[in-house]
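Chains, contacts and geometry: an overview
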Amino acid sequence: VQLQASGGGLVQTGDSLRLSCETSGRTFSVYGMGWIRQAPGKEREFVAAISWTGGTRYIADAVNERFTISRDNAKNTMYLHMNGLKPEDTAVYYCAARLKYGQMWYRHLDEYDYWGQGTQVTVSS
């Protein structure tokens, strides 16, 4: 499974961005996908996740009122819609795929099987 993240950039506080994660390869084996971010000097942080069919979605409390996650199965692409961006959202955003279900699977970052290369999001104040 290959993942290609895109859509990051430099924006101002309050702006919106849409990140994309295009998936290719043995996608039929994927159970769910997530967005994880890592800010400079900080640990990786779960942001959002979605099952492969799109029927189940999870959003971290820190961004629950501003971010949404979706996917387009026809395009094998997952999206992270980010509104009301804040400087604390500055990070490299990674998309990742997990093959197996597990309780609260989306939060176990070390159990994602495939990772994209990341896309930088920088929010200026």
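These figures come from a predicted structure and were not determined experimentally. (Residues numbered from 1 in each chain as written. Predicted model: local features only at pLDDT ≥ 70, side-chain atom pairs only at ≥ 80, totals over all residues. Heavy atoms only, no water.)

Our focus in this paragraph is the state of the cysteines. Under the defined criterion, the tally for this structure stands at one disulfide. Two residues, Cys21 and Cys95, share a disulfide whose sulfurs are 2.2 Å apart. Of note, the bridge from Cys21 to Cys95 carries an S-S torsion of about 70 degrees and is right-handed in sense. Here Cys95 lies in strand S9 (residues 91–98) and Cys21 lies in strand S3 (residues 17–24), a separation of 74 residues in the sequence. Taking relative accessible area as the criterion, Cys21 reaches 0% and is therefore assigned buried. (Disulfide = S-S within 2.5 Å. Helix = DSSP H or I, 4+ residues; strand = E, 2+ residues; numbered from the N terminus. Buried < 20%, exposed > 50% of the residue type's maximum accessible area, 1.4 Å probe, protein only.)

Moving on: the nonpolar core. The biggest cluster of nonpolar side chains holds 37 residues, and the ones touching the most others in it are Trp35, Leu80, Met82, Tyr93 and Tyr112. Of all the secondary-structure elements, those providing two or more residues to this core are strand S1 (2–6), S3, strand S4 (32–38), strand S5 (45–51), strand S7 (67–72), strand S8 (77–82), S9 and strand S11 (119–124). (Core = buried A, V, L, I, M, F, W, Y, C linked by side-chain atoms within 4.5 Å.)

With the rule as written, the count across this model stands at five salt bridges. Between Arg37 and Asp89 there is a salt bridge whose closest N-O contact spans 3.0 Å. Of the two residues, Arg37 is situated in strand S4 and Asp89 in the loop between S8 and S9; the sequence distance between them amounts to 52 residues. The exposure classification of Arg37 matches that of Asp89, with both residues buried. One connected set of salt bridges, linked through shared partners, spans Arg37, Glu45, Arg66 and Asp89. (Salt bridge = Lys/Arg side-chain N within 4 Å of Asp/Glu carboxyl O.)

Here the focus is the packing of aromatic side chains. Enumeration over the complete set of coordinates arrives at nine aromatic pairs. On the numbers, 5.5 Å between centres and 90 degrees between planes, the contact of Tyr31 with Trp105 is edge-to-face. Residue Tyr31 is located in the loop between S3 and S4, and its partner Trp105 is located in the loop between S9 and strand S10 (114–115); the two are separated by 74 residues in the primary sequence. Considering the side-chain rings of Tyr58 and Tyr106, the 3.7 Å spacing of their centres and the 15 degrees angle between planes classify their relative orientation as stacked. Here the residue Tyr58 occupies a position in strand S6 (residues 57–59), and Tyr106 occupies one in the loop between S9 and S10, the gap between them amounting to 48 residues. Within the aromatic cluster, the residues linked to one another by ring pairs are Tyr31, Phe46, Tyr58, Tyr94, Tyr101, Trp105, Tyr106, Tyr112 and Trp115. The ring of Trp52 carries the charged tip of Arg71 above its face, separated from the ring centre by 3.9 Å. (Phe/Tyr/Trp six-rings, centres within 6.5 Å; stacked < 30°, edge-to-face > 60°. Lys NZ or Arg CZ within 6 Å of the ring centre and 35° of its normal.)

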